[in-house]
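# Examining the three-dimensional arrangement
Given next are the chains, with one letter for each unit.
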Amino acid sequence: MDIDIIEETQALGGSSVSFRKPVIAPVDDAHPFDLEGYISNYTGRTAIERLIHIVVTCPSIAPEAYQLCLQHIHKSRDPSLFQNLMNAYEQASNLSSSSLPDPMEIGRLDTRWADDTLARNTTDRTKLEVELKNYTNNMIKESIRMAHRDLGDFYRQVGDYATALKHYTKSREFCATSAHVLEMCLSVLELLIEQRNYSHLTTYVFKADAALDAATAAAATAGNGGGNGSGSTVPTGALPKKKPVSAERDSVQSKLDFATALSHLGQGTYEKAAQYLLKLGAPRELGDWIGKLVAPGDITIYTTLCALATFPRSLIKSRLLENSTFSLYIEHEPYIRELIQSYLNSNFKTVLELLNRFSTRHYIDIHLAPHVLNLTNLIRNWAVVLYFQPFATIRLDRMSSAFGWTVEEVEEQVVGLIQSGEIQGRVDSQNKILQAKKTDYRADLFARAIKAGNDIQAANRKLLLRMRLQQADLVIKPPKGSQQHPTHGGGTLSDFMLGMGGE
């Protein structure tokens, strides 16, 4: 565990807010976005982080986001978040085409609240550290574990993520059951998701999987072991034990699948991300992660965009539209159903219009934002490939009307796909026609047959040479004590000659 602590503490040592070159997302009639309705789906620090991201991404609604964020900060235990908000608002002011109002006119940090919160944090930290010290001196294992867990929760609330991770991982040494290990792993996963530390998620998912299997087996054994008697001798909780254990396992498994999917999404492996997202149960199975870390609408968007960018059309129909579980998520983002149906019906103009119309909703998501452009390009490219598949030749102006692009944009898109090998064809730039590459299957079959015959002839000549060398006893015996070849029984002169290509 020491290696994990050092490695991940370094990974989390930076600031929780990273201001990479943001994409400016518009909010207008063509790109609708309801800020209050969106942020009402989140609580705690997740709501604050998302509002800070919105301040930078959507300067046109930065004042409203600033005001909402300030209200959430006053409900937290980390006054330093106000400085992150101020930095984000300053950046939004620099990026905005129009001047934004002074943030101090919108709202100020309540200094009295900040002082009281810092004093309360100091008192609570001292109390928890004293408790940990007393338990350590008394060697009370379970109390030490709980003290480390409480300190991890405390430091996470006040924004000291490196110390929080240290206490969570330290509690592993004092875990007496698999359930305790599982609790520790889930706490670390929540912390890593909040920090968008995608590369380390799979490590703790693997540990949590092992702990979940062990905890489930132990619970099942305990449930089966209490029912030996008959009538009133059976304990009250013995009979219905199986169902709660199964429900709890499903809930934990959904959390682990979501963490794995988020790890793949963060690292750009979109197909695997979609596969794991489609394993999720109903939103209720994610328990307190809904709101604290993610909203059902986010899962809908992640799944749909990753699936459209990587899945074949038949799989999209069976795994998305005909999936009763996924339909529960689609209800939270109604436009997603129209997006999927338009894609399946080859109405690609509507697909691209919907992706553009709701691009602001995609860009304001803290996990999806770095991948929106790439996913949109993958969906667009795949749509062009699917549209051209049935044709031997097609005019570019027809494709232009199908996708809502100019002829020049269509030509540029098609040329890029030809160069990347996704479309086998060529463009007649003068007549603006895309022609599929004609393959002479008869000549290709003859060429492959001739090559196979030559390969067989060469192999037979080498085998005859080997047989003749063995008949002439031209064999190089292996030295004593050396390991013989598993098939040849010893190193031979023929092997050497065959390796040199001799005949």
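Attention in this report is confined to the structure presented alongside it.

About the thresholds
- Residues numbered from 1 in each chain as written.
- Predicted model: local features only at pLDDT ≥ 70, side-chain atom pairs only at ≥ 80, totals over all residues.
- Heavy atoms only, no water.
- Helix = DSSP H or I, 4+ residues; strand = E, 2+ residues; numbered from the N terminus.
- Buried < 20%, exposed > 50% of the residue type's maximum accessible area, 1.4 Å probe, protein only.
- Polar contact = N/O pair within 3.5 Å; in protein donor to acceptor, adjacent residues only side chain to side chain.
- Contact = heavy atoms within 4.5 Å.
- Expected span 1.5 Å × (residues − 1).
- Core = buried A, V, L, I, M, F, W, Y, C linked by side-chain atoms within 4.5 Å.
- Axes fitted to C-alpha atoms, helices over the stretch in contact; angles between N-to-C directions.
- Parallel < 35°, antiparallel > 145°, perpendicular 65-115°, else oblique.
- Left-handed = near helix turned anticlockwise from the far one by under 90°.
- Nonpolar A, V, L, I, M, F, W, Y, C, P; charged D, E, K, R; others polar.
- Salt bridge = Lys/Arg side-chain N within 4 Å of Asp/Glu carboxyl O.
- Phe/Tyr/Trp six-rings, centres within 6.5 Å; stacked < 30°, edge-to-face > 60°.
- Lys NZ or Arg CZ within 6 Å of the ring centre and 35° of its normal.
- 1 Å grid on protein atoms, 1.4 Å probe; cavity = no way out; pocket = protein on both sides within 12 Å on 5 of 7 lines; lining within 4 Å.
- Points joined across faces, edges and corners; volume = space filled by probe spheres on them.
- Pairing = 2+ DSSP bridges.

By the secondary structure assignment, E333 is in the loop between α17 (324-330) and α18 (335-344). Exposure remark for E333: the relative accessible area of 14% places this residue in the buried category. Engagement of the side chain of E333 in a polar contact is seen with the side chain of R361, the distance being 3.5 Å. Ignoring sequence-local partners within four residues, the contact set of E333 consists of G297, T300, I301 and R361.

The first and last C-alpha atoms of helix α15 (residues 296-310) sit 22 Å apart over 15 residues, in line with the 21 Å expected at 1.5 Å per residue. Extensive coverage of α15 is indicated by the burial of 14 of its 15 residues.

Residues I54, L189, F258, M399 and F403 are the most contacted members of the largest nonpolar core, which totals 129 residues. For this core, the element with the most residues is helix α10 (residues 178-195), which contributes ten residues. Residues contacting F258, with those up to four places away along its chain left out, are I193, L277, L280, L286, W289, V294 and I299.

For the rest of this paragraph, the subject is the packing of helix α3 (residues 44-57) against helix α4 (residues 62-73). For the pair α3 and α4, interaxial distance at closest approach is 9 Å and the crossing angle is 160°. Here α4 runs roughly antiparallel to α3, going by the angle between their axes. Between α3 and α4 lies a crossing of left-handed hand. In this structure, α3 contributes A47, I48, L51, I52, I54 and V55 to the contact, and α4 contributes A62, A65, Y66, L68, C69, H72 and I73. Within the contact of α3 with α4, the residues separate by chemical class into twelve nonpolar, one polar and no charged.

According to the stated counting rule, one finds 21 salt bridges in the structure shown. The salt bridge partner of R45 is D78, with a shortest N-O separation of 3.1 Å. Of this pair, R45 sits in helix α3 while D78 sits in the loop between α4 and α5 (81-95), and the two are 33 residues apart along the sequence. Relative accessible area serves as the criterion here: at 4%, D78 is assigned to the buried category. Beyond isolated ion pairs, a larger network of salt bridges with shared partners links R156, E190, E194, K255, D288 and K292.

Before going further, it helps to examine the packing of aromatic side chains. Applying the stated rule across the entire model yields eleven aromatic pairs. Ring centres 3.8 Å apart and planes at 10° place the aromatic pair Y335 and F358 in the stacked group. One end of the pair, Y335, is in helix α18; the other, F358, is in the loop between α19 (348-357) and α20 (359-363), and 23 residues separate them in sequence. Here the two residues Y335 and F358 agree in accessibility, since each one is buried. Three or more aromatic residues link up through ring pairs in this structure, and these residues are Y343, F348, Y387, F391, F403 and W405. In this arrangement the basic side chain of K207 is found over the ring face of Y204, its NZ or CZ atom lying 4.4 Å from the centre.

Of the volumes computed, that of the second largest pocket is approximately 370 Å³. Along the wall of the second largest pocket there are 17 residues; nearest its centre are T43, G44, R45, Q157 and E194. Every element with two or more residues in the lining of the second largest pocket is listed here: α3, α8 (141-158) and α10. Examining the composition of the lining of the second largest pocket, we find that four residues originate from one element, α3, more than from any other. Residue composition of the lining of the second largest pocket, grouped by class: two nonpolar, six polar and nine charged.

Moving on: the pairing of strand β2 (residues 425-428). Looking at chain direction, β2 and strand β3 (residues 433-436) are connected through four bridges and run antiparallel. Along β3, the bridge assignment pairs G425 with A436.

On to the sheet that holds strand β1 (residues 393-395). Ordered in space as β1-β3-β2, the three strands form an open sheet in which the pairing is antiparallel. Edge positions in the sheet fall to β1 and β2, since each has one partner strand and no second. Within the sheet, the average angular offset between the axes of one strand and its neighbour, ignoring direction, is 20°. With respect to the sheet, helix α23 (residues 407-420) is in contact with β2 and β3, its orientation differing from that of β2 by roughly 150°.

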